[in-house]
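# Geometric and topological summary
Read off the chains here:
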Amino acid sequence: MKLLFLFVTALLLSACAVEPLQAWDRGYLARPEMAWDPDSLSASQRNHVYFSKEASSGAASAGGGGCGCN
Amino acid sequence: MKQKNARGQGASAFMALSAAALAIPGIVSTAQAAAPIAEAELGYKASAYREADIERSKLAAGSASRYEIDTHQLRFISPLGRASDLAVDFSYETMSGASPWFIMPGTSGNGPVQVMSGASIEEERKDIQASLGHYFSSQHAAKVLLGYSTENDYQAVNMGVEGSIEIPARELTLTAGLGFSDDEIEPTDPEMPDRIDSASRSSTTAFVAVAQVLNANTVVQGSLSMVTNDGYLSDPYKKVWRADLSNTVADARPNERQQLVLNVRMRHYLPAVRAALHVDYRFFDDDWDISSHTVDLAWYQNLGDNWQLTPSLRYYSQSQAYFYGPFFYNARSDGYASSDYRLSPYGALSFRLRLERNWGEFSTNVEWESYRAAASLALDDVGVENPGLVEFDILSLGLKLHL
């Protein structure tokens, strides 16, 4: 819970200093290589492999199920 | 945004600008906008995953040849009307090879040695995931997710919902979601001693995420996820060596596991070199005493108008589960025991290289990854390395078609 509080506080504080961008300033942010996962097939396959071979998993997503991976 | 042709270039540029003007990183997990997908797209990827043979000095018995997995993935995304979109992912995997079974004490002076499963395992897995997104306004969106996966011995059904709210005055997007997975396990060869006939487990995930545009070149996202696993969490195919019995017992893990995951991601565009830097960090902690750190760095370098080269580096380090041991001298008081290398302390380093070529209507890419796990790569000192730690390479070929 302490971690959650610190996390939310840090992000809200950071937001205070941000000036809204104009539409014409967003060209770089809209580029495909600026996506969180530019190649979603590659990202989902990699995440599945790491999930199968490591003890840790998890990301900001409500999708995906388990597997009987050896 | 990739462009189709001269006419398509104008349309694509307009769509990119419109999407960018509307919003900031949102529910669609891109740094674009909380807006429906602008055009339909079909993606295909074929991947060959190959684990390196286990070293002879670490092998006590069984096959030295480890897992090979061939994967075919299909992805279709499309707008649905003016305010909704659909994404469907299908994957088909065929798996073969031997898997770590249990670990025995080595001869004096040497570390413990791995017993692998003897007969070659042959399996296949099919997985389908679908998501439907709806955009109530340029600032409010929701997504419903459904999925099903089936293997010879495993079935999983999952579902989830996500909601997103944008605060334009602060360049902030808040996302929250809830996911659930219900899994059934029916191991092959249930007549073997200690092997269960069937079992079930479930997993519930809740997360919150905050995405913040810092300036015209930089966006960051932080997220916190909590995951609860319930049910049969042991591995029905793995055993544990008990020195006092001179025999093996079944892998036995607690029936509950609580996980906390903190993710921080940054995307930064450098116009002078036409490249994007990706920095991802994840902290993981659970009540099995496992904690881990993951850092992933990627550099998306545009070359000319149609090529893109992306080198990436990933570092991972985890501590061990409290009931893990390579082998046991006697029973633990709580009855738990596992020798699974995935619960052992180790670190891993992986290197990836990706090359993409845009041909107008479609794009192709080739990607290679090399992954190596070792106790010496862990952040903390590790007394005894698990002999079953994995090394693998993945080669993928991908195709993306704009419809």
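Each chain has its residues counted from 1, following the order in which its sequence is written. Just so you know, chain letters begin at A and ligand numbers begin at 1, following the order they were written in. Totals for whole chains, interfaces and linings use all residues, but because this is a predicted model, local features are given only for residues with pLDDT of at least 70 and pairs of side-chain atoms are given and counted only at 80 or more.

### Remarks on the overall build of chain A
A count of helical and extended segments in chain A gives two helices and zero strands. Exposure criterion: with C-beta atoms placed from backbone coordinates, a residue whose C-beta has 20 or more other C-beta atoms within 10 Å is buried, one with 12 or fewer is exposed, and one in between is partly exposed. Taken over 70 residues, chain A has a buried fraction of 50%. Per the convention used, a helix needs a DSSP run of H or I reaching at least four residues, while a strand needs a run of E reaching at least two, with both numbered from the N terminus.

### Structural notes on the overall build of chain B
A count of helical and extended segments in chain B gives one helix and 21 strands. For the radius of gyration, the atoms used are the C-alpha atoms, and the globule rule reads 2.2 Å times the number of residues raised to 0.38. Here the C-alpha atoms of chain B give a radius of gyration of 23 Å, agreeing with the 22 Å that 2.2 N^0.38 yields for 403 residues. With the C-alpha coordinates of chain B rotated into their principal frame, the extents come out at 75 × 40 × 35 Å. Looking at the 403 residues of chain B, the share that counts as buried comes to 42%. Residues are scored as being in contact if the C-beta atoms we place from backbone atoms lie within 7 Å. Pairs at least 24 apart in sequence give 59% of the contacts found in chain B among residues at least 6 apart.

### A word on the interface of chain A and chain B
Interface size is commonly expressed as the accessible area that is lost once the parts come together. Facing the 47 residues of chain A at the interface are 92 residues of chain B. Per element, the largest residue contribution to the side of chain A that touches chain B is seven residues, and it comes from helix α2 (residues 40-53) of chain A. Residue composition of the side of chain A that touches chain B, grouped by class: 24 nonpolar, 15 polar and eight charged. Three categories are distinguished: nonpolar for Ala, Val, Leu, Ile, Met, Phe, Trp, Tyr, Cys and Pro, charged for Asp, Glu, Lys and Arg, and polar for the others, with Gly belonging to the last.

### Some remarks on the sheet that holds strand β6 (residues 113-116) of chain B
All names here are of chain B. When DSSP locates at least two bridges between a pair of strands, those strands are taken to pair. Within the open sheet, the three strands sit side by side as β2-β6-β5. Their pairing is mixed. Bordering the open sheet on either side are β2 (59-61) and β5 (100-104), each of which pairs with just one other strand. Strand-to-strand twist across the sheet, computed as the mean angle between neighbouring axes with direction ignored, equals 40 degrees. Here β2 pairs with β6 via two bridges, running parallel. Opposite Ala61, over in β6, you have Val115 as the bridge partner. As a rule, the C-alpha atoms of each element are fitted with a line to give its axis, helices using only the stretch in contact, and angles between N-to-C directions run from 0 to 180 degrees.

### Brief notes about the confidence of the model for chain B
Close reading of the predicted structure is inappropriate where its pLDDT is low. Residue and element names in this part refer to chain B. For every residue, the predictor reports its confidence as pLDDT, a number between 0 and 100. Confidence in the prediction of chain B, expressed as mean pLDDT, is 90, and 91% of residues score 70 or more. The low-confidence segment residues 1-33, where pLDDT is below 50, has 83 contacts with residues more than four positions distant or belonging to other chains. Confidence metrics for the complex model read pTM 0.89 and ipTM 0.90.

### Overview of the environment of B:Val273
Here B:Val273 is to be found in the loop between β15 (256-270) and β16 (275-286). Along the sequence, B:Val273 and B:Leu303 sit 30 residues apart, while their C-alpha atoms lie 9.4 Å from each other.

### A look at unusual backbone geometry
Residue and element names in this part refer to chain B. The phi torsion at Ser246 lies on the positive side, around 50 degrees, for a residue other than glycine. Within the secondary structure layout, Ser246 lies in the loop between β13 (239-242) and β14 (247-250). You will see that Arg274, though not glycine, has its phi angle at about 55 degrees, which is positive. By secondary structure assignment, the location of Arg274 is in the loop between β15 and β16. The partly exposed category is assigned to Arg274, around which 15 C-beta atoms lie within 10 Å.

### Describing the pairing of strand β9 (residues 154-167) of chain B
All names here are of chain B. Sheet topology note: the strand β8 (residues 140-151)/β9 ladder contains 11 bridges and is antiparallel. Directly across from Ala142, in β9, lies its bridge partner Gly163. From the end of β8 to the start of β9, which pair antiparallel, there are two residues. Linking two consecutive strands that pair antiparallel, namely β9 and strand β10 (residues 172-185), is a turn of four residues; a positive phi of about 55 degrees is found at Glu171 within it.

### Brief notes about α2(A)
Helix length check: α2(A) (14 residues) gives 20 Å between terminal C-alpha atoms against 20 Å at 1.5 Å per residue, within 8%. Along α2(A), the positions that sit buried rather than exposed are A:Ser40, A:Leu41, A:Ser42, A:Ser44, A:Gln45, A:Arg46, A:His48, A:Val49 and A:Lys53. Those residues of α2(A) that are buried are in contact with β1 (41-51), β3 (68-80), β4 (84-97), β20 (362-374) and β21 (391-402) of chain B. Expected span, for any helix, means 1.5 Å times one less than how many residues it has.

### Digging into the environment of A:Gly27
Note on placement: A:Gly27 falls in the loop between α1 (2-16) and α2. For the pair A:Gly27 and A:His48, spaced 21 residues apart in sequence, the C-alpha to C-alpha distance is 32 Å.

### Brief notes about the pairing of β6(B)
Both faces of the sheet carry side chains from a regular strand, because those side chains alternate between them. Residues and elements named next belong to chain B. Because side chains alternate across β6, one face comprises the buried residues Val113 and Val115, and the other comprises Gln114 and Met116, equally buried. The pairing of β5 with β6 spans four bridges and is classified as antiparallel. Note that in β6 the partner of Phe102 across the bridge is Val115.

### Some words on the environment of B:Gln139
Residue and element names in this part refer to chain B. Tracing the chain through its elements places Gln139 in the loop between β7 (121-137) and β8. A C-alpha to C-alpha distance of 4.7 Å links Gln139 and Glu166, two positions 27 residues apart in sequence. Those residues within four positions of Gln139 in sequence are excluded, and the remaining contacts are Ile165, Glu166 and Pro168.

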